[in-house]
Amino acid sequence: ELGLHFYGTFTIGGWGSTREEDLKTGRLIEDASAKGLMHDLQMSINTPQPGTPFYKKAKEAGYLLSEDWSKFDGGRQSVVSYPEYPADEIVRTYDDVLRHYDRGLYRRNTEMFQKNFSETFFRNGWKDSKKVLVLRSTRMWHVRLTVGTLRQAGVGVSLLGQNRIQADLAEVGGLDRFFSYGDGHMHPDALDHDLIKTLREQEYDLALVLYNNMTGRSYENVRKVAHLIADGRVAGVAYDGSLLPVR
C-alpha cells in the first residue's frame with residue numbers, strides 16, 4: 001500500500017539444514033515473488049568465512065573441503081560437505097531454489113511482459129522478423145517469456161547461452177536451436193570464431209539482447225556479440241517486455 005519494494009537475502013546449505021528444508025524456502029520465494037511481495041533477492045551458498053565460528057566448527061568437524069579462498073564466494077560451489085547434506089546436493093538445491101524464483105517471476109510478469117513485447121515488436125518495424133536469435137543475458141523467466149511470445153507470433157527462435165542452462169531448456173520450449181559458448185559472462189572473446197561463423201551463417205533477421213533493467217546499461221559486451229552475429233539488426237528486451245532500439 002505504501003509502494004515499498006522488498007529485497008530478500010537467502011542462504012542455502014547452512015549448518016543443520018537439509019535439502020527438503022531449503023526447498024521449502026524455495027517454494028516460499030516462488031510464492032512471494034509471484035504475488036509481488038518480494039521485488040528482488042540475493043541468493044548464496046552458506047560459506048564459512050575464515051576467522052568466523054562457523055569456519056572453525058566446520059574445519060574441526062572435517063566438513064571443510066577446501067582452503068582455496070577463490071572458492072569461498074558463496075556462488076556456484078560449496079566448500080562444506082555434511083554427512084547428511086553433501087556439497088553436490090547443496091549446489092543442486094541452490095540451483096533448484098533459483099528455479100523457484102524464476103517460476104515466481106514468470107507468473108508475476110507474464111501479462112505485463114506479453115502486452116509490452118507485442119505492442120513494441122509490431123510497432124517499431126520488427127514485425128517482419130521471422131528468424132530471431134535470443135542472447136541469454138538475464139534470468140530464465142525472461143528467456144521463457146521472450147521465446148514464448150515470439151513463438152506465439154509465429155517467429156522461429158534460437159537461443160545463445162551457457163552450458164549450465166541446458167537443464168532449464170525443457171521449460172523454455174519451442175526453440176529451433178540452442179547454441180552454447182561455454183560458461184561465464186557473455187562477451188566477444190568468450191565465443192570462438194567457428195561459433196560466430198556458424199551463427200552468422202544462420203542469417204537471423206534480428207538478435208535480441210535481454211536486459212534486467214529498462215535502459216540496457218551494463219550490457220555493452222552482450223550487444224557487441226549481437227552485432228558480430230546480426231550486423232546491426234539488434235534490439236534490446238527490457239525487464240517489462242518493451243523492445244528498445246540498439247544503435
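Let me sum up the structure you'll find in this document.

Calculation notes
- Residues numbered from 1 in each chain as written.
- Predicted model: local features only at pLDDT ≥ 70, side-chain atom pairs only at ≥ 80, totals over all residues.
- Heavy atoms only, no water.
- Core = buried A, V, L, I, M, F, W, Y, C linked by side-chain atoms within 4.5 Å.
- Buried < 20%, exposed > 50% of the residue type's maximum accessible area, 1.4 Å probe, protein only.
- Helix = DSSP H or I, 4+ residues; strand = E, 2+ residues; numbered from the N terminus.
- Contact = heavy atoms within 4.5 Å.
- Pairing = 2+ DSSP bridges.
- Axes fitted to C-alpha atoms, helices over the stretch in contact; angles between N-to-C directions.
- 1 Å grid on protein atoms, 1.4 Å probe; cavity = no way out; pocket = protein on both sides within 12 Å on 5 of 7 lines; lining within 4 Å.
- Points joined across faces, edges and corners; volume = space filled by probe spheres on them.
- Nonpolar A, V, L, I, M, F, W, Y, C, P; charged D, E, K, R; others polar.
- Phe/Tyr/Trp six-rings, centres within 6.5 Å; stacked < 30°, edge-to-face > 60°.
- Lys NZ or Arg CZ within 6 Å of the ring centre and 35° of its normal.

A short note on the nonpolar core
- Ranked by internal contacts, the top residues of the largest apolar core, which has 50 residues, are I29, M43, F117, F121, V134, L150 and L208.
- Residue contributions to this core peak at 10 residues, all from helix α3 (residues 87-123).
- Apart from residues lying up to four places away in sequence, I29 is in contact with F10, M38, L41, M43, V97 and Y101.
- Ranked by size, the runner-up nonpolar core spans 22 residues in total, among them L133, Y211, Y219 and V225.

Examining the sheet that holds strand β6 (residues 206-210)
- Across the sheet, which stays open at both edges, the six strands sit in the order β5-β4-β3-β6-β7-β8 with mixed pairing between neighbours. Single-partner strands in this sheet number two, and they are β5 (177-180) and β8 (243-245). Each strand of the sheet is rotated relative to its neighbour by a mean of 30 degrees, with strand direction disregarded.
- With four bridges connecting them, strand β3 (residues 131-135) and β6 associate as parallel partners. The partner of L135 across the bridge, within β6, is V209.
- Where α3 meets the sheet, it contacts β6, β7 (234-237) and β8, and its direction lies at approximately 40 degrees from that of β8.

What to know about empty space enclosed by the protein
- Tallied over the full model, the rule gives one cavity of 30 Å³ or more.
- Volume-wise, the largest cavity comes out at about 70 Å³.
- Listing elements by their share of the lining of the largest cavity, those giving two or more residues are α3, α4 (140-152) and α5 (169-172).
- Grouping the amino acids of the lining of the largest cavity by side-chain chemistry returns two nonpolar, no polar and five charged.

Digging into the side chain of E30
- Summarising the element assignment, E30 is placed in helix α1 (residues 19-34).
- The class for E30 is buried, based on a relative accessible area of 14%.
- The residues touching E30, leaving out its near neighbours within four places in the chain, are H100, R103, G104 and R107.

Description of the packing of aromatic side chains
- In total, this model carries 13 aromatic pairs according to the counting rule given.
- Arranged with centres 6.5 Å apart and planes meeting at 80 degrees, the rings of F113 and W141 form a pair that is edge-to-face. Here F113 is found in helix α3, whereas its partner W141 is found in helix α4, with 28 residues between them in sequence.
- Looking at W141, the relative accessible area reads 3%, which means it is buried.
- Taken together through their ring pairs, the aromatic side chains of F113, F117, F121, F122, W141 and Y239 make up a single cluster.
- A cation over a ring is seen here: K131 above Y204, with NZ or CZ 5.6 Å from the ring centre.
- Lying over the aromatic face of Y106, R144 brings its terminal NZ or CZ to 3.7 Å of the ring centre.

A closer look at unusual backbone geometry
- A positive phi angle, near 55 degrees, is found at E203, a position not held by glycine.
- Within the element layout of this structure, E203 appears in the loop between α6 (193-201) and β6.
- The backbone of S218 sits at a positive phi, close to 80 degrees, despite the residue not being glycine.
- With respect to the helices, strands and loops of the structure, S218 is situated in the loop between β6 and α7 (220-230).
- Since its relative accessible area comes to 61%, S218 is described here as exposed.

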